[in-house]
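# Secondary and tertiary structure notes
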Amino acid sequence: MDTLIDNSDVFIAGFRTTIYLFLISAVGALVLGVVIGAMRVAPVKAANVFGTVYVNTVRNTPLTLLMFFFAFGYDKLGLIDLSYFTLAAVALSMYTASYVAETIRSGINTVPVGQAEAARAIGLPFTQTLGLIVLPQAFRAVVPPMVSVFVALLKNTTIAAGFSVAEAGAIRATLSERGEPQLVVLLWVAAIFVALVMILSLVQNRLEKKWAVSR
Amino acid sequence: MQPNEPSGTDASANPFETTSNPIIASTGEPLVVVENIEKYYGDFHALKNVSLTVNKGEVVVIIGPSGSGKSTLCRTINRLETITSGTIRIDGTELPSEGKPLAQLRAEVGMVFQSFNLFAHKTILENVTLGPIKVRGLSKAEAEKTALALLDRVGIKHQAAKYPAQLSGGQQQRVAIARALAMKPKVMLFDEPTSALDPEMITEVLDVMVGLAKEGMTMVVVTHEMGFARRAADRVLFMADGEVVEENGPEEFFTAPKSDRAKDFLSKLLVN
């Protein structure tokens, strides 16, 4: 406990960065993932192809490699300068989006085709059919796997430590310089991660309960 | 099944004895014009050179055995089913192939499905107001007022806050009819609206449909309910194997079918 209390500044700073990185990447991944997932079911061939290629390239690339690209490859492209934090968030968003897209697509497949037909029959265009009728029902069907995707994202944020983003995964390195026992530090980091994931599980339970009645 | 089933060769049957059709409602102006459409599913020829004109205020009932293409024909009219060739016009406008123009035209064509297809995550009231609010741009208050009046008319007003799964099949189908009517459509398509219902609920749905027909709504109805065809149809279209085999007034069709195919079909209905 002393290890945690004596070094609370490092723990707080580290997990604050982790949570920021997680929240920003989660929103980015959700938005991008929904768009990519929608492209895969859109009645436009080019969109289908783009969605499929995106998922199959990004999902098949190790996250570390994607991080490497953004950390070292990006500034060679001569685009606007971005902080390592931003680049890490972009890499995590892009990577997680491929999983979100596939989860959503499997959710869309659970919605009976008659739901979309009825929406089209009252004159809703594709975007509204998807946004108002199909996606809300698809989300309800995939809450557990979707939360798993975000649990993975939360833990994947630690990879950013390798690229100078001082989040929770970097706490051990910082504290070993202060002479703290490394095993104890790692156990504390792990314990806090477990607690954070439990918050996500709680969100999952709430969503499942809330949406169970309306079906 | 209704007792007034086709009487086949019964010579005493007077073609004019039962309910006369509300021909007064028909103004004779063509509203839905289907011309020479062909539809293939791969190698399967689902619709063979089918033509059909439905005038304003007219009720056309399409009957025929399973797989005869009657549902497919019904679904081509609002392009839930695409066609291989031919033309379909609604109130003079040819069906756009996709995008916003198609969505706008679909808003003019009400559709009732065999499996109801009420939006499962929305309440009964929201099911009926969604189209008017999102497509017609009505305010929520306006849309709800119309929706409640329509729900009252189909006898579901007191269930407005429930979800579709909490209603019986017959109630769901009546809500589906209200949902379609809320768009103030020019024509209503019914794709086997009672096929998924048990006998008690069939009547409550048919009553609503007969009411609509009497008010002069233009309707295309695919059904196996011969009683409804006799009571409400202005014309009966008999289809088999993707073709329109016979087209006639209901009394003429049921009492004196011309084609052997129709005679055969009707005789089987009698036996069962």
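Sequence positions are assigned chain by chain, starting from 1 and proceeding in written order. The naming scheme follows written order: chains are lettered A onward, ligands numbered 1 onward. In view of the model being predicted, local features appear only for residues whose pLDDT reaches at least 70, and side-chain atom pairs are presented and counted only at 80 or more, with totals across whole chains, interfaces and linings using the full set of residues. Note: side-chain values were computed over all heavy atoms of the structure, leaving out hydrogens and water.

- You'll find chain B entered in an unreviewed UniProt entry as ABC-type polar-amino-acid transporter, with Mycetocola reblochoni given as the organism.
- UniProt positions are given in the numbering used here, feature names are shortened, and annotations may be inferred rather than shown by experiment. The Sequence similarities (unreviewed entry) field of the UniProt record for chain B holds the comment "Belongs to the ABC transporter superfamily."
- Annotation of chain B in UniProt includes, under Catalytic activity (unreviewed entry), the sentence "a polar amino acid(out) + ATP + H2O = a polar amino acid(in) + ADP + phosphate + H(+)".

- An unreviewed UniProt entry lists chain A under the name Amino acid ABC transporter permease, with Mycetocola reblochoni given as the organism.
- According to the UniProt record, the Sequence similarities (unreviewed entry) comment for chain A is "Belongs to the binding-protein-dependent transport system permease family. HisMQ subfamily."

### Some remarks on the overall build of chain A
- Where helices and strands are cited, they refer to DSSP runs of H or I of at least four residues and of E of at least two residues respectively, numbered from the N terminus. From N to C terminus, chain A includes 10 helices and zero strands.
- Order of helices (α) and strands (β) in chain A, N terminus to C terminus: α-α-α-α-α-α-α-α-α-α.
- When the backbone C-alpha atoms are referred to their principal axes, chain A occupies close to 70 × 50 × 25 Å.
- Under the scheme applied here, a residue whose accessible area is under 20% of the maximum for its type counts as buried, over 50% as exposed, and between as partly exposed, the area being computed with a 1.4 Å probe on protein chains only. When the 215 residues of chain A are sorted by exposure, 45% land in the buried category.

### Comments concerning the interface of chain B and chain A
- Residue-level contacts link 24 residues of chain B with 19 residues of chain A.
- Two parts placed together each lose some accessible area under a 1.4 Å probe, and the buried area is that loss summed for both. Summed over both partners, the interface of chain B with chain A buries about 1,800 Å², with 63% contributed by carbon and sulfur atoms.
- Salt bridge, as used here, is a side-chain nitrogen of Lys or Arg placed within 4 Å of a carboxyl oxygen of Asp or Glu. Here chain B is connected to chain A by one salt bridge.
- The closest approach of N and O atoms between A:Glu117 and B:Arg75, which form a salt bridge, is 2.6 Å.
- Any pair of N or O atoms that falls within 3.5 Å is considered a polar contact. Within protein, one atom must be able to donate a hydrogen and the other to accept it, and sequence-neighbouring residues count only if both atoms are side-chain atoms. Taken together, the links from chain B to chain A amount to six residue pairs in polar contact (both at pLDDT 80 or more).
- Mapped onto the side of chain B that touches chain A, the elements with two or more residues apiece are α2 (99-106), β6 (109-112) and α3 (124-134) of chain B.
- A per-element tally of the side of chain B that touches chain A places α3(B) first, with three residues.
- Side-chain classes follow a simple rule in which Ala, Val, Leu, Ile, Met, Phe, Trp, Tyr, Cys and Pro form the nonpolar group, Asp, Glu, Lys and Arg form the charged group, and the remainder, Gly included, forms the polar group. For the side of chain B that touches chain A, the per-class residue count stands at 14 nonpolar, four polar and six charged. The contact criterion used throughout is that any non-hydrogen atoms of two residues lie within 4.5 Å.

### A few points about the UniProt feature "transmembrane region" (unreviewed entry) in chain A
All names here are of chain A.
- UniProt's feature table lists "transmembrane region" (unreviewed entry) at residues 20-41, 53-72, 84-101, 149-171 and 183-203, given in the numbering used throughout.
- The span residues 53-72 is 80% helical and 0% strand by assignment, and the distance between its end C-alpha atoms comes to 24 Å.
- The distance from the first to the last C-alpha atom of residues 84-101 is 25 Å, and the span holds 100% helix and 0% strand.

### Remarks on the sheet that holds strand β2 (residues 44-55) of chain B
Residues and elements named next belong to chain B.
- When DSSP finds two or more bridges between a pair of strands, those strands are recorded as paired. Taken in spatial order, the four strands line up as β2-β1-β4-β5 in an open sheet, and their pairing is antiparallel. Two strands close off the open sheet at either side, each with one partner strand: β2 and β5 (93-94).
- Bridge count between strand β1 (residues 30-41) and β2: eight bridges; the pairing is antiparallel. The residue of β2 that forms the bridge with Lys39 is Leu47.

### Looking at the layout of surface pockets
- The method works on a 1 Å grid over the protein atoms by themselves. A cavity is a set of points holding a 1.4 Å probe that cannot get out, a pocket is an open set with protein on both sides within 12 Å along at least five of seven lines, and residues with an atom within 4 Å of a point line them. Grid points are joined across faces, edges and corners, and a volume is the space filled by probe spheres set on the points. When its volume is computed, the largest pocket comes out at roughly 650 Å³.
- Lining the largest pocket are 24 residues, and of these A:Pro43, A:Arg120, A:Phe126, A:Thr129 and B:Arg106 lie nearest its centre.
- If you list the elements that add at least two residues to the lining of the largest pocket, you get α6 (113-121) and α7 (126-141) of chain A together with α2 of chain B.
- The residue makeup of the lining of the largest pocket, split by class, is 15 nonpolar, four polar and five charged.

### Regarding a nonpolar patch on the surface
- Grouping into patches uses exposed residues only, defined as over 30% relative accessible area, and leaves out salt-bridged ones; the cut-off is 9 Å for like charges and 5 Å for nonpolar side chains (Val, Leu, Ile, Met, Phe, Trp, Tyr). For the accessible areas, the method is Shrake-Rupley and the probe is 1.4 Å, while residue cover comes only from the protein chains on display. On the surface, A:Phe69, A:Leu77, A:Leu79, A:Ile80 and A:Leu82 cluster together into a nonpolar patch covering about 490 Å² of accessible area.
- For A:Leu77, the location among the structural elements is in the loop between α4 (63-73) and α5 (84-110).

### Re the sheet that holds strand β7 (residues 187-191) of chain B
All names here are of chain B.
- Judged by pairing direction, the sheet is mixed, and its six strands sit side by side in the order β6-β7-β8-β3-β9-β10 without closing on themselves. The open sheet has two edge strands, β6 and β10 (243-248), and neither has a second partner. This sheet shows a mean twist of 15° between the axes of neighbouring strands, independent of strand direction.
- Pairing of β7 with strand β8 (residues 218-222) involves five bridges; the strand directions are parallel. Counterpart to Asp191 in the pairing with β8 is Val222.
- Inter-axis angles, ranging from 0 to 180 degrees, are taken between N-to-C directions of lines fitted to C-alpha atoms, where helices are fitted over the stretch in contact. Packing of helix α6 (residues 199-214) onto the sheet brings it into contact with β3 (59-63), β7 and β8, and relative to β8 it is tilted by some 145°.

### Description of the packing of aromatic side chains
Residue and element names in this part refer to chain B.
- Any pair of Phe, Tyr and Trp rings, taking the six-membered ring for Trp, is counted once the centres come within 6.5 Å. Such a pair is stacked with planes under 30 degrees apart, edge-to-face with planes over 60 apart, and tilted for the rest. On inspection of all chains with the given rule, the structure shows eight aromatic pairs over all chains.
- Between Phe238 and Phe265 the ring centres are 5.2 Å apart and the planes differ by 50°, which places this aromatic pair in the tilted class. In this pair, Phe238 is assigned in strand β9 (residues 235-240) and Phe265 in helix α9 (residues 260-271), connecting sequence segments 27 residues apart. Assigned by exposure class, Phe238 and Phe265 land together as buried.
- Here a set of aromatic residues connected by ring pairs shows up, and it is made of Phe238, Phe253, Phe254 and Phe265.
- Remark: a charge is flagged as sitting over a ring if the NZ atom of Lys or the CZ atom of Arg is within 6 Å of the ring centre and within 35 degrees of the ring normal. The cationic tip of Arg179 hangs over the ring face of Phe119; the distance from NZ or CZ to the ring centre is 4.5 Å.

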